[in-house]
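# Coordinates in review
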Amino acid sequence: MCNARTQGIQKGCGHYVAIKTIEVIDCGRPNCRHSAHHACGRSRSACACAKYYGPDVEEIVRTETAWCDHCSSWYEGKGAPRKR
Ligand SMILES: [Zn+2]
Ligand SMILES: [Zn+2]
Ligand SMILES: [Zn+2]
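The structure presented is a predicted model; accordingly, all values stated were derived computationally and were not measured.

Time to look at the confidence of the model for the protein. Looking at the protein as a whole, the pLDDT averages 90, with 92% of positions reaching at least 70. Mean pLDDT across the elements of the protein ranges from a minimum in helix H1 (residues 69-79), with 81, to a maximum in strand S3 (residues 57-63), with 97.

Ordered in space as S2-S1-S3, the three strands form an open sheet in which the pairing is mixed. Each edge of the sheet is formed by a strand with only one pairing partner; in this case those strands are strand S2 (16-25) and S3. Geometrically, the sheet is characterised by an average inter-axis angle of 25 degrees between neighbouring strands, direction not taken into account. In this structure, strand S1 (residues 3-10) lies alongside S3, joined through six bridges in parallel fashion. Within S3, the position partnered with Gln7 by the bridge is Glu59.

Calculation criteria
- Residues numbered from 1 in each chain as written.
- Chains lettered and ligands numbered in written order.
- Predicted model: local features only at pLDDT ≥ 70, side-chain atom pairs only at ≥ 80, totals over all residues.
- pLDDT = per-residue confidence, 0-100.
- Helix = DSSP H or I, 4+ residues; strand = E, 2+ residues; numbered from the N terminus.
- Pairing = 2+ DSSP bridges.
- Axes fitted to C-alpha atoms, helices over the stretch in contact; angles between N-to-C directions.

The following block contains the structure:
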């Protein structure tokens, strides 16, 4: 399966947040529908080939002490008193 190469930020909570996709690395397999070499001979709708990308190749371009959106919203939702 193909992999996307991304650039992103290493957040203070430990998560990696991708900000852009640089390229898709073609695995060159005929049984992968993302590959330029995809060759099962079926139409895309009938094709049972791999349709998911492999794990991203992560390239950290920046580190931040701030938490990612997911973690900070979880923290605020738990810790902050509700507004009335
Ligand atoms: Zn592939
Ligand atoms: Zn196919
Ligand atoms: Zn996080």
